[in-house]
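Tertiary structure, described
Single-letter residue listing:
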Amino acid sequence: LSVAVLLLGSSVTMAQVSKFKAVFMEAKESGQEVFVTLTNGNTFSGFVETVDDQSAGVKTKDGVFNFNYDRIKSVEIVDSNNRTTRWYKNPTANKLFITQSGRMADAGSGYYQNTYIFFSTLSYGVTKNITLSGNFSMIPGLDFKNQLFSGSAKVGTNISDNLSVSGTASYYSVFDSDYGFTTIFGATTYSWNRLDLTAGLGLGIVEEGATDLITILGAQFRVSEKFALITENFVFPNGDGGVIPIGVLGGRFIGQTIAADLGFLVGDDIGAVIPFVSFTVKL
């Protein structure tokens, strides 16, 4: 079994090396610029000067750098008509303000999110198709056992380059109580250029039964490399055949490993505009 695992790992590494080398060769022959992301998160762009079996030499604005393939996370040929190919990836592209989108986190990556100072989330991509998360509160004056805790599992896949689907199941404890409740959400995200459109359905499950379906409609538009506009809208059934719409409107400030969200909750039944503040650190 150990030998099989080693052979499998070796074959995957060799396939990656071949892919990286092929991209560098194509860029060198066509004279196109490449955008290189290293495993430590650093990014470089420039023109390929040399390519061999172990590395590639790229001329950047700061000089020529020789990148070993085993230090490369990804390499892309820059599209001169699409400036976003030079942008670093959004570390929180897999979620809206509150709920998850259809997109999945990268395997082996995770993040810590803090909302309103007192609510924290730890999330980790076990594989490209499975993400596990834990949530906990840190409200002053409450004992540890009386805080809010939850755990969730998200499963999803990419149907195509533009379409992603996921399902998330979560269990929440209730403050100072032996009871809890479960939520189940399904989301579909269509990505086109700098725009992500998300639609989802969810429900809550308690001992007495399940709630009516909740509809979620959201969008994320990356205005620039460092900023995106976000809207997340919920339609709750009110039990009398009507609905209660609540929306969160705002933006996301994006760094290579950190993102900060600032939005405002609006709705006729809220009675006020409530700020929504959170920040996320990629681990």
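First things first, this report covers the structure right here in the doc. (Residues numbered from 1 in each chain as written. Predicted model: local features only at pLDDT ≥ 70, side-chain atom pairs only at ≥ 80, totals over all residues. Heavy atoms only, no water.)

1. Observations regarding the pattern of salt bridges
Counting across every chain of the model gives 4 salt bridges. Residue D196 is joined to R103 by a salt bridge in which the shortest nitrogen-to-oxygen separation is 2.7 Å. Of this pair, D196 sits in strand β12 (residues 195-206) while R103 is found in the loop between β5 (72-77) and β6 (110-115), placing the two residues 93 residues apart along the sequence. Relative accessible area serves as the criterion here: at 9%, D196 is assigned to the buried category. The exposure class assigned to R103 is partly exposed, which follows from its relative accessible area of 28%. Among the ionic pairs, D261 bridges to R252, the shortest N-O distance being 2.7 Å. No difference in accessibility class separates D261 from R252, as the two residues are buried. Three or more residues joined by partner-sharing salt bridges are found here, namely K95, R252 and D261. (Salt bridge = Lys/Arg side-chain N within 4 Å of Asp/Glu carboxyl O. Helix = DSSP H or I, 4+ residues; strand = E, 2+ residues; numbered from the N terminus. Buried < 20%, exposed > 50% of the residue type's maximum accessible area, 1.4 Å probe, protein only.)

2. Points about the environment of N114
Here N114 lies in strand β6. Using a relative accessible area of 7% as the deciding quantity, one classes N114 as buried. Taking C-alpha positions, N114 is 16 Å from S152, a pair spaced 38 residues apart along the chain. Look past the residues within four positions of N114 in its chain and what remains in contact with it is F119, S120, M138, V277, S278 and F279. A distance of 3.0 Å separates the side chain of N114 from the backbone nitrogen of I117, its partner in a polar contact. (Contact = heavy atoms within 4.5 Å. Polar contact = N/O pair within 3.5 Å; in protein donor to acceptor, adjacent residues only side chain to side chain.)

3. Side note on empty space enclosed by the protein
One pass over the structure, following the stated rule, counts 1 cavity of 30 Å³ or more. Approximately 40 Å³ is the volume attributed to the largest cavity. A93, L96, S101, R103, T189, D196, T198, G218, A219 and Q220 together form the lining of the largest cavity. Every element with two or more residues in the lining of the largest cavity is listed here: β12 and β14 (214-224). With 3 residues, the single largest contributor to the lining of the largest cavity is β14. Classifying every residue of the lining of the largest cavity by side-chain character gives 3 nonpolar, 5 polar and 2 charged. (1 Å grid on protein atoms, 1.4 Å probe; cavity = no way out; pocket = protein on both sides within 12 Å on 5 of 7 lines; lining within 4 Å. Points joined across faces, edges and corners; volume = space filled by probe spheres on them. Nonpolar A, V, L, I, M, F, W, Y, C, P; charged D, E, K, R; others polar.)

Without other data, these values stay purely geometric and don't point to any function.
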